[in-house]
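Architecture at a glance
Here's the letter readout for the chains.
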Amino acid sequence: MITGSSSGIGKASSTELARMGAKIVMVCRDRAKGEAARREVIEKSGASEADLELAFADLSSLDSVRSLAADFLKSGRKLHVLVNNAGLILGERLVTKEGLETTFVVNYLSHFLLTNLLLGNLKSAAPSRVINITSDASRSAHIYFDDLQLEHGYGMAKAYGQSKLAQVLFTNELAKQLQGTGVTSNCVHPGAVATNWGRHSAGAMSLIVRLASPFMKSPQKGAETVVYLASSPEVADISGKYFANKKEKAIPPEGNDESSAQRLWKASLVLSGLTGSDS
Ligand SMILES: NC(=O)c1ccc[n+]([C@@H]2O[C@H](COP(=O)([O-])OP(=O)(O)OC[C@H]3O[C@@H](n4cnc5c(N)ncnc54)[C@H](OP(=O)(O)O)[C@@H]3O)[C@@H](O)[C@H]2O)c1
């Protein structure tokens, strides 16, 4: 299952993994865009129609994430790889219908919830893998525990960095909790990749991204580490690590803070409405 499969790194990862013979659930938010992406993935990968399934979810809505997980669980299938990839950067502070800051929800909290709802399935399918897409923006970021929803002093880079650092802390805490289960948890910085990221939603960032895109990696190149982590036997037993260019890289200093990871986990259980019986 790959979130954010309608575009960029998610679509390129779907294509390459389908070419390798994986059955994929492409999670998209827009029906027309999702159907077009699925057709393109089938055409480019040569995979059969039956191996590429679409699922629709708006990851800014925790209800939508719950429906996505429930539909998958109802189908009775096993999940071997979950790629938490969907993401955005927002020039202004937008609030979800559940009253939370949108970057935090789409980039991190929706994936925290989705992963926890699917964890029992991932464990029963072990060996299985969770892959979180982070960014080197996490290196200079902080978790604002006293103002997680950035109600005071919102900034685009601040919100994005916090959400990506949250992905790193989540990766580490999940890896710890999953020891001995056969489920691994790693995160990826894909590099600077020419996708739709930043183009539509971030004001001045849109111009910068457009100007820089000829010098950026292609989505195929940007997907290489995701595909590696999803499929390579080399990383079958590696967990709790930060990858870029198919190699382990140092975890950002704040990403290694165990007490922050546990504090964020507890806050996320409350914010996502997960109870002990769900998780
Ligand atoms: N590109 C880079 O240089 C770069 C660098 C570091 C990290 N990353 C990370 O890589 C990941 C993939 O980004 P990308 O570069 O491939 O950008 P992209 O082309 O913009 O793809 C982002 C994907 O996320 C989906 N998405 C956004 N908001 C959503 C929502 N509310 N519900 C469901 N899906 C939603 C988008 O759907 P729509 O198609 O409907 O918009 C799209 O499929 C992101 O997490 C990003 O932060 C990218």
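So, here's what we can say about the structure.

Criteria and thresholds
Residues numbered from 1 in each chain as written. Predicted model: local features only at pLDDT ≥ 70, side-chain atom pairs only at ≥ 80, totals over all residues. Heavy atoms only, no water. Near = heavy atom within 4 Å. Polar contact = N/O pair within 3.5 Å; in protein donor to acceptor, adjacent residues only side chain to side chain. Areas by Shrake-Rupley, 256 points an atom, 1.4 Å probe, with all protein chains shown as cover. 1 Å grid on protein atoms, 1.4 Å probe; cavity = no way out; pocket = protein on both sides within 12 Å on 5 of 7 lines; lining within 4 Å. Sits in = over half its atoms within 2 Å of the grid points. Helix = DSSP H or I, 4+ residues; strand = E, 2+ residues; numbered from the N terminus. Nonpolar A, V, L, I, M, F, W, Y, C, P; charged D, E, K, R; others polar. Buried < 20%, exposed > 50% of the residue type's maximum accessible area, 1.4 Å probe, protein only. Contact = heavy atoms within 4.5 Å. Pairing = 2+ DSSP bridges. Right-handed = clockwise from strand over helix to strand, strands pointing away. Points joined across faces, edges and corners; volume = space filled by probe spheres on them.

**Brief notes about the site of the ligand**
- The immediate surroundings of the ligand are formed by 29 residues, with Ser6, Ser7, Lys33, Tyr160 and Thr195 found nearest.
- Note that an oxygen atom of the ligand is positioned 2.8 Å from one of the backbone N or O atoms of Ile9.
- In this structure, Gly87 approaches the ligand through a main-chain N or O atom, which is 3.3 Å from an oxygen atom.
- Relative to its unbound accessible area of 900 Å², the ligand is 93% covered by the protein chains.
- Among the detected pockets, the ligand sits in the largest pocket.
- Mapped onto the shell around the ligand, the elements with two or more residues apiece are helix H1 (8–19) and helix H5 (156–177).
- Residue composition of the shell around the ligand, grouped by class: 12 nonpolar, 13 polar and 4 charged.

**Looking at the side chain of Ser14**
- Relative to the elements of secondary structure, Ser14 occurs in helix H1.
- On the basis of relative accessibility, which here comes to 0%, the residue Ser14 falls in the buried class.
- Within polar-contact distance, the side chain of Ser14 engages the side chain of Ser5 at 3.3 Å.
- Leave out the neighbours within four places in its chain, and Ser14 touches Ile2, Ser5, Ile24, Met26 and Val41.

**What about the pairing of strand S2 (residues 24–28)?**
- In terms of burial, S2 is largely enclosed, as 5 of its 5 residues are buried.
- Side chains Ile24, Met26 and Cys28 project from S2 onto one buried face, and the interleaved Val25 and Val27 project onto a second face that is buried too.
- When strand S1 (residues 2–3) meets S2, the two strands line up parallel, connected through 2 bridges. By the bridge assignment for S2, Ile2 is matched with Met26.
- Read from S1 through H1 to S2, the crossover connection turns out right-handed.

**A closer look at empty space enclosed by the protein**
- Enumeration over the complete set of coordinates arrives at 1 cavity of 30 Å³ or more.
- Roughly 40 Å³ of internal volume is contained in the largest cavity.
- The wall of the largest cavity is formed by Arg129, Val130, Ile131, Thr184, Asn186, Leu229 and Val235.
- Secondary-structure elements contributing two or more residues to the lining of the largest cavity are strand S5 (128–133) and strand S6 (183–188).
- Classifying every residue of the lining of the largest cavity by side-chain character gives 4 nonpolar, 2 polar and 1 charged.

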